[in-house]
Amino acid sequence: MRALYILILLLSLLPLHTAQAADDKRHVKLSLLPERGTISAGEELWIGIDQSIYPQWHTYWQNPGDSGAAPHIQWTLPEGFQISSIHWPAPHKLPYGPLLNYGYEDQVTLLQKLKAPDTLPAGPLTFTADIEILVCKEQCIPESDTLNITLNDPDAATEDNSHYLASAQKKLPIQTDWAVSFNEKDESFLSMIFYIPDNTLFHIRENKAYNKHNIEIDINSLEFYPIDWGIVDNTAPLEVKSMVDNHTLTVQQQRGDRDLNDLDEISGILSYKTLDGERTEARFAALPAKASKVPYAAKSPPLEEAGSTTLIGALIFALFGGMLINLMPCVFPVLSIKALSLVKIADKHPEIARLHGLSYTAGVVLSFVAIAGALIALQAAGAGVGWGFHLQNPIVVTLLAYLLFIIGLNLSGLFEFGGEFVNIGGKLTQGSGLGSSFFTGVLATLVATPCTAPFMGTAIGFALTQTPIVSLSVFAALGFGLALPYLALSFAPFLQHALPKPGAWMKTFKELLAFPMYASAAWLVWVLSQQIGSMGMLGVLMGMVTIAFGLWLLKHRPKSGYWKVKTKIIAVIAFVSAIVLLPVGELAQPKNLVVQSMEFGEMYSAEKLEVLLNENSPVFVEMTAAWCITCKVNHAIAINTDATKKLFAGTNIRYLIGDWTNQDPQITEYLNSYGRNGVPIYVYYGPKDAETGMRPAPQVLPQILTPGIVKNAITNQ
């Protein structure tokens, strides 16, 4: 239907052109308005192309929309003069049936800038503009005119349109320096992420937008005018998908017919008004989400480029990556707990041991698939999140810290009774039923997701660029790899024989395993200190005290009598207090705190990286997070050392640290540009070649670092 409307409009031009010849009534009065009547050598001045449009008729913007045509101006200039491209005021939306066009009604002034050469001839100078313009109502009429202006004519009256053109300049969209990225969601939506710095046209605070005068902006007033034809469905509404307190605004609109691969960038106008009605238009340019702003000599693919990976390769990488996670300090204690329970039953009940292995595997695999499904859904909705995203939520971190603390108390023998509702941690992971193995698998997944092992980056990067079915298959393989050692142990008698025989040592070993649980809980509390500050962390610590007090009460409660019920009530109050003490408001809105353990380096920003690379500084970038154990180990043994510090200082390397503890769209975009969806990532940008003036391709270092790897990356380039 839309194509039919366009065809009818185009066919209507021929007979109506003839009608115009018979009736020379013009629907647009065109005028050329120079800023002033004189121009000097080397000087610039504005020229206005003024349109006075007949009521209820309209002309078109540079992108006319679904139909119509933009004005065309052909200048004839004296030798040496130059004229700029047109500066376009923001248009209006002009609906017509199922179509939507962009244009002007009543009056508009297009602007061009005229530049004189360094030398001028004497006498008057004449400038001619041949203008073709399409004006429409229910019918469209092409109109044209040839207009002249004369400058430096001593006999002409002095012409001064400076005030009028200054007013016209104020109607031009404000050119912004926002960093804007775009991508295509499910081949159905154009999604744009605006990274809006402070002290600009507007800023974002507490999920609201404010202009530079701190007046709230009506988010429902946002309009997007695409300068590039065909990239969106013009009739579709603009959707604000997310707005968070980190200078980021995400919007999306249904796609048009044009292939985005045809465009190196897209440009447009974002229009908005404040609650008191003041409207502002801001012009921007957006780069593809994976495009680099920095020219490299030949940007070779990163070491773990997801785009070159096949499905079979990704599944193999996922399987091996999952197996290696078991060696990480965050997962090994959980696996040890299940191995301890396997010792008790392997010889006497091998069939039950196998069922426990299958149950544990199901818990791991289903948990990985569930977390991956949530990640895929959030990314499809426009959220800038990646692997480990749930640990960017302080509420999840707090509840996980509580759970590990309770398990530690159980292993320490503070409570051993079964069937009580308070014995959640112990029963879910220490019980003899198959459910305990399943929930141990869930727990292993939760504590494993902050860890990144070799091969995982490639697998996850590949998975999140595929269809949901393929993506979930890769994550299932990752979970199966994590569960495989315990599954093999439960099925293979010869492996079970390698386990020590049951005995008194098991009680001591069980109590010893409590300390990794306490350490993990302490680590998570430290992570919270990076997310919600010291006061929020105090509430969580006091919550742990009330939990311990409640469990102690239940252990020492009377067997019967009046105080048995009262003791239970007091214990329940203690448990509820642990939740009440949570600073929920702070947990829901993480603070933009930085990792305090970094002793040297500068905090990462995309703008800072671009400036440093343009200055020819060698740069080492580390992307990390407080909840990433691998990141912390790498930093301690390979980066935050005297040898590496001397190496950086001796080679004038600028060291940038990106902290992904809380969500940060700039870091998410950086990770995506290297096919990654989680931390850590380490990238070294060497200096420019002295002969060619070009930078070598950036080096992506392995996810497990040693001092030698860092040194080789820097000295061998």
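Residues numbered from 1 in each chain as written. Predicted model: local features only at pLDDT ≥ 70, side-chain atom pairs only at ≥ 80, totals over all residues. Heavy atoms only, no water.

A closer look at the overall build of the chain
Just so we agree on the cut-off: Think of it this way: any DSSP run of H or I at least four residues long counts as a helix, any run of E at least two long counts as a strand, and we number them from the N terminus. A simple rule labels every residue: compare its accessible area, found with a 1.4 Å probe on the protein chains alone, to the largest value its type can have, and call it buried under 20%, exposed over 50%, or partly exposed in between. Should any heavy atoms of two residues lie within 4.5 Å, those residues are counted as being in contact. Values of accessible area rely on a 1.4 Å probe in the Shrake-Rupley scheme; residue burial ignores everything except the protein chains shown.
Counting secondary structure elements, the chain contains 21 helices and 25 strands. Classification of the 717 residues of the chain by burial places 50% in the buried group. Excluding contacts between residues fewer than 6 apart, the proportion of contacts in the chain whose partners are at least 24 apart in sequence is 73%. About 32,400 Å² of surface is accessible on the chain, with carbon and sulfur atoms providing 60% of the total.

A few points about helix H20 (residues 665-673)
Every buried residue of H20 is accounted for by Pro665, Gln666, Ile667, Thr668, Tyr670 and Leu671. At its buried positions, H20 is contacted by strand E13 (189-195), strand E18 (248-254), helix H17 (606-614), strand E22 (619-624), strand E23 (654-659) and strand E24 (681-685).

Section: the confidence of the model for the chain
How we decide: Here pLDDT means the predictor's own confidence in every residue, given as a number from 0 to 100.
Of all residues in the chain, 77% attain a pLDDT of 70 or more, and the chain-wide mean is 78. No element of the chain has a lower mean pLDDT than helix H2 (residues 13-22), which averages 38, and none a higher one than strand E8 (residues 107-115), which averages 96. The low-confidence segment residues 587-598 (pLDDT under 50) makes 43 contacts with residues lying over four places distant or belonging to another chain.

Re the packing of aromatic side chains
To be explicit about the condition: Stacked, edge-to-face and tilted are the three classes for Phe, Tyr and Trp ring pairs, Trp counted by its six-membered ring, which pair at centre distances within 6.5 Å; planes under 30 degrees apart are stacked, over 60 edge-to-face, the rest tilted.
Taken as a whole, this structure holds 18 aromatic pairs when the rule is applied. Between Phe648 and Tyr655, the aromatic rings sit 5.6 Å apart at their centres with planes inclined by 55°, giving tilted as the arrangement. Accessibility assignment for this pair places Phe648 and Tyr655 in one class, buried. Members of the aromatic cluster, each reached through a chain of ring pairs, are Trp178, Phe194, Phe202, Phe224, Tyr272 and Phe284.

A short note on the side chain of Asn161
Position of Asn161 relative to the elements: it lies in the loop between strand E10 (140-151) and helix H3 (162-170). Residue classification places Asn161 among the buried positions, given a relative accessible area of 14%. Excluding residues within four positions of it along the chain, Asn161 makes contact with Leu33, Pro34 and Glu35.

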